Amino acid sequence: MLRAAGVGLGDEVVVPAFGNVEVAEAVAKAGALPVFADIDPATYCLDAAAVEAALTPRTAAVVVVHRFGRLADLPRLHALGQRHGLLVLEQSESEAPYDEIAQRRERAGYLHAKLRGVRVPDDGDGHTYQQYVVRVPGNGRPDRDAFARAVRAKGVECRVPVKTPVHRLPEFRRCVALPETERASDETLALPVDASLTKRDMQRIVSACNALGGLLQPAF
């Protein structure tokens, strides 16, 4: 899509660093330079103000990646693109059947109501909960990683959604300030919310997480 739009050598393309490396790789394969902008801490998608701050006379495009079932702020990002004459491309997540989304939302609602000691995701309009991502804030220790190990030890699958942001990878290393990206990479943990989970499974998740409150700060 970038090549078809004439984006190539000498151009810059603004992309998120919080996520998969494939987007930055696609920009590089087109001959352009990926420029990383920070994310909105609620949606984990590109923040429009951060994108605008990253623009230069060489910026040709912005690649917006929707994350975890939440949509980016497309109206603001498209308005930004129109204002600066930029191409705005979207990378969407795979869509699930409506019934499956409804069941994920039901399970997410249960976790919202029951979880203690972690920051639950912002519901947001149209959240499909491709992943149920909570925050385990740090206080000088690797709290998220310790929390994840303890939860797994109790038989609950969980995973770190973004282990290393792209701007920290050797092939795309940049000296750039992305505080929300860094914080999200250090704090986020994806808990199960699949449609196949039973009520007993959900109770096990809540019980395992709530028993670990001592690993966390007493107040956020």
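**Student:** Honestly, helix H5 (residues 143–153) in this entry has me stumped. Any pointers?
**Tutor:** Every α-helix winds through 3.6 residues per turn, so residues three or four apart in the chain are directed the same way. What H5 keeps buried is the set Asp143, Arg144, Phe147, Ala148 and Val151. Seen from one end, H5 has its buried residues packed into an arc of 130°, which puts them on one side. For H5, the exposed residues set more than 90 degrees away from the buried face come down to Arg149 and Ala153. One or two residues past the end of H5 sits Gly155, with phi positive at roughly 85°.

**Student:** Just to check I follow, could you spell out the nonpolar core for this structure?
**Tutor:** A general tendency of soluble globular proteins is for nonpolar side chains to be buried together. Ranked by size, the top nonpolar core spans 24 residues in total, and within it Leu115, Tyr132, Phe147, Leu189, Leu191 and Ile205 carry the most contacts. Contributions of two or more residues to this core are made by helix H4 (98–114), strand S5 (132–135), H5, strand S6 (188–191) and helix H7 (199–210). If one sorts the elements of this core by residue count, H7 sits on top with five residues. Contact partners of Ile205, with chain neighbours within four places excluded, come to Leu111, Val156, Leu191, Pro192 and Leu197. If you look at the next biggest cluster of nonpolar residues, it comprises 20 residues, including Val15, Ala17, Val166 and Leu178.

**Student:** When you look at the sheet that holds strand S3 (residues 59–65) in this model, what are you seeing that I'm missing?
**Tutor:** In any sheet, the strands associate via hydrogen bonds between backbone groups, in a parallel or an antiparallel arrangement. One open sheet holds the four strands; their spatial order is S2-S1-S3-S4, and the pairing between them is parallel. Whereas interior strands pair on both sides, the edge strands pair on one side only; in this sheet they are strand S2 (33–37) and strand S4 (87–91). Strand after strand, the sheet turns through a mean of 30° between neighbouring axes, direction not considered. Each of S3 and S4 touches helix H3 (residues 74–84); the most contacted strand, S4, lies at about 150° to it.

**Student:** Could you clarify how one ought to interpret the pattern of salt bridges in this entry?
**Tutor:** Pairing between side chains of opposite charge can happen when the charged atoms of each approach one another. All chains considered together, the criterion is met by ten salt bridges. Across the pair Arg58 and Glu12 runs a salt bridge whose closest N-O atoms are separated by 3.2 Å. Remark: Glu12 occurs in strand S1 (residues 12–16) and Arg58 occurs in the loop between helix H2 (48–54) and S3; sequence separation between them is 46 residues. By relative accessible area, which is 45% here, Arg58 ends up partly exposed. The network of salt bridges with common partners includes Arg168, Glu182 and Asp186.

**Student:** Help me understand unusual backbone geometry, please; the structure alone is not making it clear to me.
**Tutor:** Residues other than glycine predominantly adopt negative phi, and peptide bonds predominantly adopt the trans conformation. Even without being a glycine, Tyr44 presents a positive backbone phi close to 65°. Here Tyr44 shows up in the loop between S2 and H2. For Tyr129, which is not a glycine, the phi torsion comes out positive at approximately 55°. Topologically, Tyr129 is positioned in the loop between H4 and S5.

Scoring rules and cut-offs
Chains are numbered independently. Their residues run from 1 in the order of the written sequence. Totals for whole chains, interfaces and linings use all residues, but because this is a predicted model, local features are given only for residues with pLDDT of at least 70 and pairs of side-chain atoms are given and counted only at 80 or more. Side-chain metrics in this entry use all non-hydrogen atoms of the structure; hydrogen atoms and water are not considered. Residue exposure (1.4 Å probe, protein chains only): buried if accessible area is under 20% of the type maximum, exposed if over 50%, otherwise partly exposed. Secondary structure elements are defined from DSSP: runs of H or I of at least 4 residues count as helices, runs of E of at least 2 residues count as strands, and each element is numbered from the N terminus. This arc describes the spread of directions from the helix axis toward the C-beta atoms. Put simply, buried Ala, Val, Leu, Ile, Met, Phe, Trp, Tyr and Cys residues joined by side-chain atoms within 4.5 Å make one nonpolar core. Contacts: residue pairs with any heavy atoms within 4.5 Å of one another. Two strands qualify as a pair provided DSSP detects at least 2 bridges between them. To define axes, lines are fitted to C-alpha atoms, for helices over the stretch in contact only, and angles between the resulting N-to-C directions are given on a 0 to 180 degree scale. A pair is scored as a salt bridge if a Lys or Arg side-chain nitrogen falls within 4 Å of a carboxyl oxygen belonging to Asp or Glu.

Taken by themselves, the reported measurements are silent on function.
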